[in-house]
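Each chain is listed here by its residues.
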Amino acid sequence: MKLDLTGLTTRPAQVWGGVRLVPLVRDEPVTSLRLHAQIYGQEVGVVDVDPRTYYTSYIPHGFVATWTDDGTPAAAYGTEIMRTEAPPSHCMPLRFHRRMAKRTDKDRVRFLPMNLAIEGYLALHFGGPQVVWEQWSQRAISNGLSPREEEAYVGSEIRGLADALRIFEIHPGQCGMLIYVADALAAAFVVPHPDDYRALHATAIEDLYGELIYHYATLSMPVQQFRAQLSGSHVRTLADLRAAARAQTVAWREFHDSTMSAGLLAAHYDVRRVYKMGEFTLSRFLPTFQLKQENHIGELITDHRGQTAYLKTFRLSDAQSRRGYLLTQLANHDWHLPSTAADLGVTEAQLGLRMESAGFGSLLREDILAHYRSVSRERSPSNMDRRPKS
Amino acid sequence: MDSTTAEDMLMFVNAATTATGQREFHSSVGQQRLSLSFLHEYMLGNYRDLYRAALALDINDHNATIIVRRLLETAAEATPEQRRREGQLIARRLRLVAPQRVYDLFRQLRRARVNNRRTRGIIRDWIATRPDPAFDAVKYRGALKEALRHTHTVPPHDELGPFLFGQQAHYRTPILETWRRAHYEQAAIYELPYTVAEGFAAKHRIDRKLFLERIAPRMTRLERQRIQADITQMPLTRLASYVLSLPIAERRDRRAELTSALRAAAARARGQEKWGKVAAVLDDSYSTLGSIHKRRRPLAVALACHYLLEALADSYVPLWTSGRTDPLLAYPHGATPLGDRILDALESEPDRVLIVSDGWDNAPYGLAGEVLRVFRTNVDPERKVSVVHLNPVYDVDDFDVKRLTPSVPTVGVRDAEDLPALVEFARFTEGLTGLGQLTAHLDDRARRFLEDG
């Protein structure tokens, strides 16, 4: 399914250096769902997602969603700071959470934003091969893909993002934002209510961003502002002038929605439900992992009509998309390497080496992998072997 | 060539009015200082006469002292005629600058090792014109000592020599004697100026509240206002800053009192001018927060302009960027839809449109400039409506205040009380046809400035 951002209007972007921030404004805020933040601090967070699986990450804050079932305004709480005494300096501080999304009261649920989505990506076919073909190693059979790890960068490391967020002027009624770094969509963030947005705007600096975004920020030049331009040819009165000005706003909105955000909004996603909250549903989604395209993972809360009340996305880097693509293809073919390879149009050896370069080499049996390596070496001899014939 | 010079001069005047070398919303201290010092070097190197002429205009003290310092440091590059005129203007301008800044300037000259005859003459003459040398010796002891030492000047008062450079068991001058006694007698502290007494109070460990009560008669007007504001006497922009520093609830409670004080201050600043139908676009977006050293300064200027225009105009339409209708409760929030607001202002059919904004138009970017451009070329080519943009913030990348469009004059504004004079200057620059006019205007200003002294 596709993401539905009806009710949100795109407003003109604000640019600072290489970062372009596009505000999304709601005409009518969603009052029956409110979000507020719980600040945890700098400890490493450890979440037990199920009795046998742990998820570890940088979890600086959690979101608490409060809802009402009958459409009346939900209670709004400010930001809570969960204090602990400072641990001794020779310890590594950890904070343990139970479950990604946990109910704390009759109509409140605490979930860990961004990490909910990333855990969905890391848990993709986490069990590993379901069928014990001969190519899979003992480790793959017994442990699956564990440990499965990915790297991301915190927002404060992204060059220019902190300044751009600090300088950004929040529109009245603004409920969301799309962050573009070097004009590549880095993240989308939507909340139900403008007051919630004001409180949570700064948390974007603590979110995780993919490696692609980090490199784009470090290496890019400042992006150009899209300047409004009025052609004076048909303007004679103030009414004409106002119409021309309005046309510019509409032109930006159409350009942005059709071109800049198309990678996120036009794609199809595999959405899995995580928690049901009254008439709202908390889910997370994965893309179809098409190579050479934007692939975003994320979490969202939708109402009964499927419209987005809350959204947070993460853009996968190319390597991460490749990993997702390989896992999906393998799972589609019941983890049978030869048929997967045939479907992808490569030989089994090439597929094995692709898996190794993607980081899944430990799933294959050592001798099988060595065989694949020697087969590929035969077929494409290295230049060192070639001697000039005298 | 001519028009470039005129543009550069106007750019410099705007910059010298608004830039204070402090952190602003969009730029840091380092960026501001670097940009400003480059601008000063550029003007000094290329247009020494115009650079000097800026001393006669309404630039702020920070830039005035920088101009003086640079002129004196580079005296060797000037012709004798230039040096003579510079000396006159410098002497006159320094008498208007606050004394602590002048002493700081002398310190900087000493550090820069500038010690030619003219500099010594200027310092000596300035010290000679001080109304109470003994008071200066007590309040600015270190700086006066350095200045006298640097210029080998005989102190103007015969007891100052032993006071500054030595010790004496007993002084005949009352304030010097009080200073000596304050080292061991607590009662003497309360006859010294506030800044000096503060140091002695800390030495004697006097309770702060008690100290402030008893020292109140000795504070300068500004110092007293910082501790406890008297809103009936404050000038308009300072009063607007004070109002914005109060929490919203308190402003609501004291609404009648604050509004009448603001209106009274505006009436005092108005003078005899009267304008017809005025529409004002006032920026209260988030960037008017300023910075930690210039808290809400752009918003204070906008608020002060609002009350001043209300007093000046026969019919007045205020339009805030956030859409608010109650200016007393203003605070910086929202984006900057200048384009839409300017259209609203033009639709109210005024005689004048005034825009008070830092120029960071972002909803959408560039719309304000385009609206004004097309308005001037297509809708109102005869210029029946006059439009002026007042900008309180110096932009580091432009070396000027941010402009909206070339067809609308932009001037830098420091205090709202200067508004009528600035608007006049803006219209003068709009009708400017060449450098000759500008030079004549500046010569005239310089002549009047020297005559007033």
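Everything that follows concerns the structure shown earlier in this document.
Quick caveat, the model's predicted, so the values are computed rather than measured. (Residues numbered from 1 in each chain as written. Chains lettered and ligands numbered in written order. Predicted model: local features only at pLDDT ≥ 70, side-chain atom pairs only at ≥ 80, totals over all residues. Heavy atoms only, no water.)

**Student:** Now, about the interface of chain A and chain B: what can you tell me, with residues and values included?
**Tutor:** Contacts between the two partners involve 27 residues from chain A and, on the opposite side, 30 residues from chain B. For the pair chain A and chain B, the summed buried surface comes to about 2,500 Å²; carbon and sulfur atoms form 60% of the total. Together, A:Glu169, A:Leu238 and A:Arg242 form the three largest contributors to the area buried by chain A at its contact with chain B, with a combined 27%. Taken together, the connections running from chain A to chain B amount to two salt bridges. With a shortest N-O distance of 2.3 Å, B:Asp344 and A:Arg242 are connected by a salt bridge. When contributions to the side of chain A that touches chain B are tallied by element, the ones reaching two or more residues are strand S2 (14–16), helix H3 (161–167) and helix H6 (238–260) of chain A. Looking at the side of chain A that touches chain B element by element, the count peaks at four residues for H6(A). (Contact = heavy atoms within 4.5 Å. Buried area = accessible area lost by both parts, 1.4 Å probe. Salt bridge = Lys/Arg side-chain N within 4 Å of Asp/Glu carboxyl O. Helix = DSSP H or I, 4+ residues; strand = E, 2+ residues; numbered from the N terminus.)

**Student:** Any details on the layout of surface pockets? Residues and values, ideally.
**Tutor:** Residue and element names in this part refer to chain A. Each pocket or cavity is described by its volume, and for the second largest pocket that value is around 750 Å³. Residue lining of the second largest pocket: 29 residues in total, with Tyr54, Leu122, Phe126, Arg148 and Glu149 positioned closest to the centre. Breaking the lining of the second largest pocket down by element, the ones donating at least two residues are strand S6 (53–58), helix H1 (115–122) and helix H2 (138–143). When residues of the lining of the second largest pocket are assigned to their parent elements, the largest contribution, six residues, is made by S6. A breakdown of the residues in the lining of the second largest pocket according to their chemical character gives 14 nonpolar, nine polar and six charged. (1 Å grid on protein atoms, 1.4 Å probe; cavity = no way out; pocket = protein on both sides within 12 Å on 5 of 7 lines; lining within 4 Å. Points joined across faces, edges and corners; volume = space filled by probe spheres on them. Nonpolar A, V, L, I, M, F, W, Y, C, P; charged D, E, K, R; others polar.)

**Student:** Give a description of the pairing of strand S14 (residues 184–190) of chain A that names residues and reports values.
**Tutor:** Residues and elements named next belong to chain A. In terms of residue burial, S14 counts as a mostly covered element, since seven of its seven residues are buried. Counting the residues that bridge the hairpin from strand S13 (residues 174–181) to S14 gives two residues, and of these Ala182 lies at a positive phi of roughly 50°. Where S14 meets strand S19 (residues 308–315), two bridges bridge the pair, whose relative direction is antiparallel. If you follow Val190 over to S19, its bridge partner there is Leu311. (Buried < 20%, exposed > 50% of the residue type's maximum accessible area, 1.4 Å probe, protein only. Pairing = 2+ DSSP bridges.)

**Student:** Residues and numbers for the sheet that holds strand S7 (residues 61–67) of chain A, please.
**Tutor:** Residue and element names in this part refer to chain A. With mixed pairing, five strands are arranged side by side in an open sheet as S8-S4-S7-S11-S10. Of all strands in the sheet, those bounded by a partner on one side alone are strand S8 (80–81) and strand S10 (101–105). Relative to strand S11 (residues 108–111), S7 runs antiparallel, the two sharing four bridges. Residue pairing across strands places Phe63 opposite Phe111, the latter belonging to S11.

**Student:** Which residues make up the packing of aromatic side chains, and what values do they have?
**Tutor:** Counted by the stated rule, this structure contains 28 aromatic pairs over all chains. Ring centres of A:Trp252 and A:Phe255 lie 6.1 Å apart, and the angle between their planes is 50°; this geometry places the pair in the tilted category. Of this pair, A:Trp252 and A:Phe255 both sit in helix H6, three residues apart, roughly one helical turn. The interplanar angle of 25° and the centroid separation of 6.4 Å between the aromatic rings of B:Phe38 and B:Tyr42 together place this pair among those described as stacked. Placement of both B:Phe38 and B:Tyr42 in helix H2 (residues 29–46) is noted, with a separation of four residues, approximately one turn of the helix. On the basis of relative accessibility, which here comes to 28%, the residue B:Tyr42 falls in the partly exposed class. A connected cluster of aromatic rings, assembled from ring pairs, spans A:Phe63, A:Phe111, A:Phe189, A:Tyr197 and A:Tyr310. Over the face of the ring belonging to A:Tyr77 we find A:Arg108, whose NZ or CZ atom lies 4.3 Å from the ring centre. (Phe/Tyr/Trp six-rings, centres within 6.5 Å; stacked < 30°, edge-to-face > 60°. Lys NZ or Arg CZ within 6 Å of the ring centre and 35° of its normal.)

**Student:** I'd like to hear about helix H22 (residues 435–452) of chain B, residue by residue, with values.
**Tutor:** Since the α-helix turns once every 3.6 residues, residues separated by three or four places project in the same direction. Residues and elements named next belong to chain B. Helix length check: H22 (18 residues) gives 26 Å between terminal C-alpha atoms against 26 Å at 1.5 Å per residue, within 8%. Taken together, the buried positions of H22 are Leu435, Leu438, Leu442, Ala446 and Phe449. Buried residues along H22 cover an arc of 70° about the axis, so they all sit on one side. Seen from the open side of H22, the exposed residues pointing more than 90 degrees away from its buried face are Gly436, Glu451 and Asp452. (Expected span 1.5 Å × (residues − 1). Arc of directions from axis to C-beta.)

**Student:** A description of the pairing of strand S17 (residues 280–286) of chain A should follow, citing residues and the corresponding values.
**Tutor:** Residues and elements named next belong to chain A. Burial within S17 is extensive, with seven of its seven residues counted as buried. Residue alternation in S17 divides its side chains into two sets, Phe280, Leu282, Arg284 and Leu286 and Thr281, Ser283 and Phe285, and both sets are buried. Of the strand pairs in this sheet, strand S16 (residues 270–277) and S17 are connected by seven bridges, and their pairing is antiparallel. Residue pairing across strands places Asp270 opposite Leu286, the latter belonging to S17. As defined by bridge partners, S17 adjoins strand S18 (residues 296–302) across five bridges and the pair is classed as antiparallel. Across the sheet, the residue bridging to Leu282 is Ile301, located in S18.

**Student:** Can you lay out the nonpolar core for me, pointing to particular residues and giving the numbers?
**Tutor:** B:Phe106, B:Phe163, B:Leu192, B:Phe211, B:Leu309, B:Leu354 and B:Leu419 are the most contacted members of the largest nonpolar core, which has 125 residues in total. Beyond its immediate chain neighbours, meaning those up to four positions away, B:Leu354 contacts B:Trp275, B:Val278, B:Ala279, B:Ala280, B:Val281, B:Leu309, B:Val388, B:Leu390, B:Leu419 and B:Val423. (Core = buried A, V, L, I, M, F, W, Y, C linked by side-chain atoms within 4.5 Å.)

**Student:** Explain empty space enclosed by the protein residue by residue, including any values.
**Tutor:** Evaluation of the coordinates by the stated rule reveals four cavities of 30 Å³ or more. Roughly 180 Å³ of internal volume is contained in the largest cavity. What lines the largest cavity is a set of 17 residues, and nearest its centre among them are A:Gln14, A:Val15, A:Ile167, B:Trp360 and B:Asn362. At the level of elements, S2 and H3 of chain A are the ones that each hand at least two residues to the lining of the largest cavity. For the lining of the largest cavity, the leading source of residues is S2(A), giving three residues. Grouping the constituent residues of the lining of the largest cavity by class yields nine nonpolar, five polar and three charged.

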